[in-house]
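Coordinate inspection notes
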Amino acid sequence: MKKALTTIFCIALALCFLTSASYAKREKFGSDKRHDMAKRVNFKTSTEKIRWKMVMPWSKGLLFYDIAVHFADSVRLASAGRLDIKPFSAGELVPAMQSFDAVSEGSAQVGHDWPGYWKGKNEAFVAFASVPFGLDAEGYNIWLYEKGGLEMMQELYGQFNLFALPGGQVGQEMGLSSNKRSAKMEDFKGMRVRTPGWYMDIMNNLGASVTPLPGGEVYLALERGVIDAAEFSSPAINYPMGFDEITKYAIQPGVHQPGVQCALFFNKDAYEKLPEDLKWIIDICARETQLWSYNWINSLNAEAVRRFKDKMEFVKMDKETLIEFRKTTKTYLDGVKAKYPDVKKVLDSQEAFIADFADWRDARSGATPWPYETYIGGRITE
């Protein structure tokens, strides 16, 4: 009897699986391209031991340095040491801002960056780093991996004898650490601010006076009153810099960088000489670094913000100011697109994705995981 019951149960279970397929009225929605690649593995594990040098614009005190090292460690582990990438912080092998050229020319094989640093080589690099009111972390991940962004990134870096992969996403930056309370548009007029890139031009257009000071000079400039406010990075990266010791306010949100994207770039000649299995290890470790960095930094951000609140007042720009900010940003970016064809190509692609994603963003809104009391108090969206 027991054997018969088992047989009946197995038959019933099989029928459930078979009949469930009949509920599908359309073809499968989406596919994983890697599945087909994995079925056609025509290479063997390499035995050659390869040593590479990695350069970057980061000092060892910055968490960006740790992200770069994480990638190198992951490759070493996954390859069992067959590909050993030795990281060098800024100035150890080459000066910070010469890391791009060092890899392009082959004196180092790999680099890590925030692509906006290479604005002077091609304006479009900024779009792969951070765009004011542009892609957030989720947006960068989807756009890069699913909507053609990665191919555009590789095309741009390829102009300089480089092969590139996304190499770290740390999410939204903190807004301005400021000694002036600023929540409305008029509050920014005349404010002396530290920020680089496109945001510098946008703030200047709003009537601020902006300088792109290096990170190491920001604390002293704030302390001496040379500038009124500054932005640098995410809360976890800002906290060791001590801005809360010398400023009163944290002006939020960080609209200048809704998502901070880093890249790994490889000398193309060195990369192409790699055995196929090591190329796959690099690709997979880069993707793992992209995921890990976001989780790691944002976990630290939560604690850093709590510590900042001990000494700083967090001030939110009002809705009208954010809308005006957005309008000013669009006018500026439209001008950049008109001047630089590469920028237009990339930003048009990002903006098309933002529009395509809007229906889902709207449909899912209202389920933000706030603490219970916050939610029932009426705050249901982020």
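Reference entry: report on the structure contained in this document. Model, not experiment: these values are computed from the prediction. (Residues numbered from 1 in each chain as written. Predicted model: local features only at pLDDT ≥ 70, side-chain atom pairs only at ≥ 80, totals over all residues. Heavy atoms only, no water.)

So, about the overall build of the protein chain. Helix and strand counts for the protein chain come out as 14 helices and eleven strands. Taking the principal axes of its C-alpha atoms as reference, the protein chain extends roughly 85 × 60 × 45 Å. Counting only residues that meet the buried cut, the protein chain has 47% of its 382 residues in that class. Contacts in the protein chain between residues at least 24 apart in sequence constitute 77% of all its contacts with a sequence separation of at least 6. Within the structure as shown, the protein chain displays about 20100 Å² of accessible surface, and the carbon and sulfur contribution to it stands at 55%. (Helix = DSSP H or I, 4+ residues; strand = E, 2+ residues; numbered from the N terminus. Buried < 20%, exposed > 50% of the residue type's maximum accessible area, 1.4 Å probe, protein only. Contact = heavy atoms within 4.5 Å. Areas by Shrake-Rupley, 256 points an atom, 1.4 Å probe, with all protein chains shown as cover.)

Glancing now at the packing of aromatic side chains. For any two aromatic rings, the description comes down to two numbers: the centre-to-centre distance and the angle of the planes. Overall, the coordinates contain 25 aromatic pairs when judged by the stated rule. Aromatic pair Phe71 and Phe266: ring centres 6.2 Å apart, planes at 65°, arrangement edge-to-face. Separated by 195 residues along the polypeptide, Phe71 in helix α3 (residues 63-78) and Phe266 in strand β10 (residues 261-267) bring together distant segments of the chain. Here Phe71 and Phe266 have matching classes, each one buried. Taken together, the ring pairs connect Trp58, Phe64, Phe100, Trp114, Tyr117, Trp118, Phe125, Tyr157, Phe160 and Phe265 into an aromatic cluster. (Phe/Tyr/Trp six-rings, centres within 6.5 Å; stacked < 30°, edge-to-face > 60°.)

Trp52, Phe71, Tyr157, Trp198, Met203 and Phe266 are the most contacted members of the largest nonpolar core, which has 102 residues in total. Sort the elements by how many residues they give to this core and α3 lands first, with nine residues. The residues touching Trp52, leaving out its near neighbours within four places in the chain, are Leu83, Asp84, Ile85, Lys86, Gln109, Val110, Phe266, Ala270, Tyr271, Leu274 and Ile282. (Core = buried A, V, L, I, M, F, W, Y, C linked by side-chain atoms within 4.5 Å.)

With that out of the way, let us pick up the pattern of salt bridges. Within this structure, the stated rule accounts for 25 salt bridges. Note that Lys39 and Asp36 form a salt bridge whose closest N and O atoms lie 3.5 Å from each other. You can see Lys39 and its partner Asp36 sitting in helix α2 (residues 33-39), three residues apart, about one turn around the helix. Note on Lys39: relative accessible area 57%, which makes it exposed. On the basis of relative accessibility, which here comes to 37%, the residue Asp36 falls in the partly exposed class. As a salt-bridge pair, Glu303 and Arg307 come within 3.0 Å of each other at their nearest N and O atoms. Placement of both Glu303 and Arg307 in helix α11 (residues 276-308) is noted, with a separation of four residues, approximately one turn of the helix. Within this structure, Arg51, Asp73, Arg76 and Asp84 form a network of salt bridges that share partners. (Salt bridge = Lys/Arg side-chain N within 4 Å of Asp/Glu carboxyl O.)

The five strands lie next to each other as β2-β1-β3-β10-β4, forming an open sheet whose pairing is mixed. Since the sheet does not close on itself, it has two edges, and those belong to β2 (83-87) and β4 (162-169), each with one partner. Adjacent strand axes in the sheet meet at a mean angle of 25°, parallel and antiparallel pairs treated alike. Direction of pairing for strand β1 (residues 50-55) relative to strand β3 (residues 110-113): parallel, over a ladder of two bridges. Counterpart to Val55 in the pairing with β3 is Gly111. Here α11 sits on the sheet in contact with β1, β2, β4 and β10, set at roughly 30° to β4. (Pairing = 2+ DSSP bridges. Axes fitted to C-alpha atoms, helices over the stretch in contact; angles between N-to-C directions.)

Moving on, we come to a nonpolar patch on the surface. Residues Tyr372, Tyr375, Ile376 and Ile380 make up a contiguous nonpolar surface patch of roughly 410 Å² in combined accessible area. Looking at the element boundaries, Tyr372 is found in helix α14 (residues 372-376). Take Tyr372: its relative accessible area is 59%, and that puts it in the exposed class. (Patch = residues over 30% accessible without salt bridge, like charges linked within 9 Å, V, L, I, M, F, W, Y side chains within 5 Å.)

Bringing helix α13 (residues 341-364) into the picture now. Under the 1.5 Å per step criterion, the end-to-end length of α13 is 35 Å for 24 residues, consistent within 8% with the ideal 34 Å. Considering bend angle alone, the principal kink of α13 is centred on Phe357 and spans about 40°. Listed in full, the buried residues belonging to α13 are Val343, Val346, Leu347, Ser349, Gln350, Phe353 and Phe357. Tucked into the core, α13 has its buried residues touching α5 (137-146), α6 (149-158), α7 (197-205) and α12 (319-339). Gly366, located one to two residues past α13, shows a positive phi value of around 105°. (Expected span 1.5 Å × (residues − 1). Bend = angle between axes of the 7 residues up to and from the residue.)

Spatial strand order, β7-β6-β8-β5-β9-β11: six strands in an open sheet with mixed pairing. Edge positions in the sheet fall to β7 (209-211) and β11 (313-316), since each has one partner strand and no second.

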